[in-house]
Amino acid sequence: MSSFTSPTAVFPATATEFRALVESRRSVRRFKTDPVPDEVIRDCLEMAVLAPNSCNLQPWNFQVVRDPALLEKLHGVCMYQHAAKAPLIIAVLARPDTWKKACEDIINLWPEPQVPAAVEQFYRKTAPFQYDQGPLGLKGFFKRQLLRVAGLRKPLMRTPNSYTQMRVWAVKSTALAAQNLMLAFHSHGYSTCPLEGFDEVRLRKTLAIPKKAVPIMLLAVGREDERGVYNPRLRFPLEQHVTWL
């Protein structure tokens, strides 16, 4: 039996609608000047933070930039790209440094009268052991040695056990939220362009980004202008990227 979907398969309406949403989303590089309403921005951010994320520690921040003077500065930070002239730019930041407060918040904000014992144990004991790298990363170093030995006997979660791995950990979850954010804006009729072409040193000075935060993209948002999409879509054949086992 073929692993691929039959061309005669009948999908539910939700799947058809989702495909239409994803297929129609394009990165737009020319925007109209119309502002994006605050209620739309808030709704999309609420959809963004519903993204799945590691241990529910939600290692992300979003800086919403609407001020014209700041937007003008960001245009320069982004090397004067057309897409960076959008009426709204959201700095999407990964936060590998907020795990400790997140552990406390999960216990304090638990949506039931009683925090389950297993949950409290995890966020008071297990998660701190897993994510605390210690001064100069020394705890992470010793954990790596411990896991090399313990891993000989059984499967173990071996990362993150360094500051570099913590950055990767936070970026993965934040990227999931960023995708939610783009699709949410698209569902409201607003276009987006995820910008990675920016001067990070100047960006940190312009937006006062916390030292340990990792800027993963600047998301330009607005109504698509004429010639907003530069080229037809090109994706490599699915078989080039997928292995069926």
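Look up a bit, the structure's there.
This one's a predicted model, so the numbers in the text were calculated from it and none came from an experiment.

Procedures and definitions
- Residues numbered from 1 in each chain as written.
- Predicted model: local features only at pLDDT ≥ 70, side-chain atom pairs only at ≥ 80, totals over all residues.
- Heavy atoms only, no water.
- Helix = DSSP H or I, 4+ residues; strand = E, 2+ residues; numbered from the N terminus.
- Buried < 20%, exposed > 50% of the residue type's maximum accessible area, 1.4 Å probe, protein only.
- Contact = heavy atoms within 4.5 Å.
- Areas by Shrake-Rupley, 256 points an atom, 1.4 Å probe, with all protein chains shown as cover.
- Lys, Arg positive; Asp, Glu negative; His and termini not counted.
- Charge placed at Lys NZ, Arg CZ, Asp CG, Glu CD.
- Core = buried A, V, L, I, M, F, W, Y, C linked by side-chain atoms within 4.5 Å.
- Phe/Tyr/Trp six-rings, centres within 6.5 Å; stacked < 30°, edge-to-face > 60°.
- Lys NZ or Arg CZ within 6 Å of the ring centre and 35° of its normal.

Draft legend 1. Representation of the overall build of the chain within the structure. For the chain, the count of helices and strands is eight helices and four strands. The helix and strand sequence of the chain, counted from the amino end, reads α-α-β-α-β-α-α-α-α-β-α-β. Across its three principal directions, the C-alpha atoms of the chain cover 60 × 55 × 40 Å. For the chain, the residues scored as buried account for 37% of the 245 residues in total. For the chain, restricting intrachain contacts to residue pairs at least 6 apart in sequence, the fraction spanning at least 24 positions comes to 77%. Carbon together with sulfur atoms contributes 58% to the accessible area of the chain, which is approximately 15,700 Å² in total. Computing the positive centroid from 33 side-chain charges and the negative centroid from 22, the chain places the two 10 Å apart.

Draft legend 2. Structural context of the nonpolar core. In terms of nonpolar packing, the biggest core is built from 39 residues, with Leu 57, Phe 62, Leu 181 and Phe 185 touching the most fellow members. For this core, the secondary structure elements donating two or more residues are helix 2 (38–48), strand 1 (60–65), strand 2 (88–94), helix 4 (99–108), helix 5 (117–131), helix 7 (163–187) and strand 4 (214–222). It is helix 7 that provides the largest number of residues to this core, a total of nine residues. Not counting residues up to four positions away in its chain, the partners in contact with Phe 62 are Leu 45, Ala 48, Val 49, Ile 90, Ala 91, Val 92, Ala 177 and Leu 181. If you look at the next biggest cluster of nonpolar residues, it comprises 22 residues, including Phe 31, Ala 83, Ile 89 and Ala 220.

Draft legend 3. Looking closely at the packing of aromatic side chains. Taken as a whole and assessed by the stated rule, the structure comprises four aromatic pairs. Between the aromatic rings of Tyr 131 and Trp 169, the centroid separation amounts to 4.8 Å while the plane-to-plane angle is 45 degrees, which identifies the pairing as tilted. Linking Tyr 131 in helix 5 with Trp 169 in helix 7, this pair joins segments that are 38 residues apart in sequence. Given a relative accessible area of 1%, Tyr 131 falls into the buried group. Taking relative accessible area as the criterion, Trp 169 reaches 6% and is therefore assigned buried. Geometry around Phe 129 places Lys 143 over its ring, the cationic atom sitting 5.4 Å from the centre. A cation over a ring is seen here: Arg 223 above Tyr 190, with NZ or CZ 3.9 Å from the ring centre.

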